[in-house]
Amino acid sequence: MEYRKIKDQDKDEESLGDDLESLRGKPPSTAMSLGAGPVDRTKWKRKSMVTLALTVLTSSQAILIVWSKRAGKYEYSVTTANFLVETLKCAFSLAALARIWNSEGVTEDNRLSTTLDEVIVYPIPAALYLVKNLLQYYIFAYVDAPGYQILKNLNIISTGVLYRIILKKKLSEIQWAAFVLLCAGCTTAQLNSNSDRVLQTPFQGWMMAIVMALLSGFAGVYTEAIIKKRPSRNINVQNFWLYIFGMVFNAVAIVVQDFDAVMNKGFFHGYSFITVLMILNHALSGIAVSMVMKYADNIVKVYSTSVAMLLTAVVSVFLFGFHLSLAFFLGSTVVSVSIYLHSIGKLQR
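- An unreviewed UniProt entry lists the protein under the name Nucleotide-sugar transporter, with Trema orientale given as the organism.

## Some thoughts on the overall build of the protein
Piece 1. Scanning the protein for helices and strands turns up 14 helices and 0 strands.
Piece 2. When its helices and strands are written in sequence order, the protein yields α-α-α-α-α-α-α-α-α-α-α-α-α-α.
Piece 3. A buried classification covers 46% of the 349 residues belonging to the protein.
Piece 4. Sequence separation of 24 or more characterises 84% of the internal contacts of the protein that already satisfy a separation of 6 or more.

## Observations concerning the packing of helix α6 (residues 123–138) against helix α10 (residues 203–229)
Piece 1. Two elements in contact, α6 and α10, have axes whose closest approach is 9 Å; the angle formed by their N-to-C orientations is 155 degrees. With respect to α10, the axis of α6 lies roughly antiparallel. Viewed along their axes, α6 and α10 form a crossing whose handedness is left-handed. When α6 is examined against α10, the residues Ile-124, Pro-125, Leu-128, Tyr-129, Val-131, Lys-132, Leu-135, Gln-136 and Tyr-138 are found in contact with a partner set consisting of Met-208, Val-211, Met-212, Leu-215, Ser-216, Phe-218, Ala-219, Gly-220, Tyr-222, Thr-223 and Ile-226.
Piece 2. Across the contact of α6 with α10, the residue classes tally to 15 nonpolar, 4 polar and 1 charged.

## Some details on the UniProt feature "transmembrane region" (unreviewed entry) in the protein
Piece 1. Mapped onto the present numbering, the UniProt feature "transmembrane region" (unreviewed entry) falls at residues 48–67, 174–191, 203–227, 239–256, 268–290, 302–320 and 326–344.
Piece 2. Counted over residues 48–67, helix gives 100% and strand 0%. Its end C-alpha atoms are 28 Å apart.
Piece 3. Between the end C-alpha atoms of residues 239–256 the distance is 25 Å, and the span holds 100% helix and 0% strand.

## Overview of the packing of aromatic side chains
Piece 1. All chains considered together, the criterion is met by 10 aromatic pairs.
Piece 2. For the ring pair Phe-218 and Tyr-222, a centre distance of 6.1 Å and an interplane angle of 40 degrees mean the geometry is tilted. Taken together, the residues Phe-218 and Tyr-222, both in helix α10 and 4 residues apart, mark about one turn of the helix.
Piece 3. According to the relative accessible area criterion, Phe-218 is partly exposed, its value standing at 29%.
Piece 4. Under the relative-accessibility criterion, Tyr-222 is labelled partly exposed at 23%.
Piece 5. Connected via pairs of aromatic rings, a cluster forms that spans Tyr-74, Tyr-76, Phe-83, Tyr-137, Phe-267, Phe-268 and Tyr-271.

## A word on the nonpolar core
Piece 1. One finds Tyr-76, Tyr-137, Ile-139, Phe-140, Leu-154, Cys-186 and Met-278 to be the most contacted residues of the largest nonpolar core, which totals 48 residues.
Piece 2. Looking at this core element by element, the count peaks at 7 residues for α10.
Piece 3. For Met-278, the contacting residues outside a window of four places in its chain are Leu-64, Ile-65, Ser-68, Tyr-76, Ala-81 and Tyr-137.
Piece 4. In terms of nonpolar packing, the next biggest core, distinct from the first, is built from 14 residues, Val-121, Leu-242, Phe-245 and Met-247 among them.

What counts and what doesn't
Residues numbered from 1 in each chain as written. Predicted model: local features only at pLDDT ≥ 70, side-chain atom pairs only at ≥ 80, totals over all residues. Heavy atoms only, no water. Helix = DSSP H or I, 4+ residues; strand = E, 2+ residues; numbered from the N terminus. Buried < 20%, exposed > 50% of the residue type's maximum accessible area, 1.4 Å probe, protein only. Contact = heavy atoms within 4.5 Å. Axes fitted to C-alpha atoms, helices over the stretch in contact; angles between N-to-C directions. Parallel < 35°, antiparallel > 145°, perpendicular 65-115°, else oblique. Left-handed = near helix turned anticlockwise from the far one by under 90°. Nonpolar A, V, L, I, M, F, W, Y, C, P; charged D, E, K, R; others polar. UniProt positions renumbered as here; feature names shortened; annotations may be inferred. Phe/Tyr/Trp six-rings, centres within 6.5 Å; stacked < 30°, edge-to-face > 60°. Core = buried A, V, L, I, M, F, W, Y, C linked by side-chain atoms within 4.5 Å.

Structural data, given as structure tokens:
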């Protein structure tokens, strides 16, 4: 969701590049006096840390969900887990706002108090994310962790198409080609030569993956439209209201789906250390994406996604006995290339 600060960051990088260019040919002491060397090292360290964090969080997401199962089922309530994820995200947003209030004071753009017209738009994406987040638990009845990492990239296609329909943004020819490659890569990675079935994932799994991609794409595009409607508004305030409605809808889901179980067994029944790690992973993933937007670039996201797919597959070999086939390796490679082409297409648009 954190798109607004990219342009400001680009301007800062350009101004830094101009400063370095002007120092070319001058004594080293002059350059060091302006801090060019330390700035470059600091930026490199930040970028490396953000890349590592996003890669680890992305690759471990599916693994932790599968690992949290006991005898093939979730002993804990997935609705309570989602509620805690939204609660943690809301707490992170408030903590970020508290730092801003201490350093800059409370302004019109960072205060929490707002109007009904501004808040009323957040229930729609919050409801979409609710269904999508619940589906991501149930899809593992049909796919394994590496397959999930591959199929969830379908949301790139849904996001791109919805960008074109809702926000009227043109897609480049490279992006359309990337979509075709992405479909081919996802299908290739799912080829199964050891069974009568052509694809490893059954029809139900593909349908759930497509629905998840549509929900994720529509929620992301709708949320971006909300953000850009008032670009000066602090992103942490916008996140806060989105997460508040996420908490409300997940509380309703608990009442509707797991009320008796929660009342009789307790809110944290079935929770384990892995479950707690999974909840923290989901909450921190959103923070990592925002850090990428602020301190890194789109290539970092491509790199992290590509490495995460292979890392998930390798770890799944040892934890769940996953068979790392040639089809999966080729398919994940094609998916990585398509994601890279899509990112290049966005820059050329």
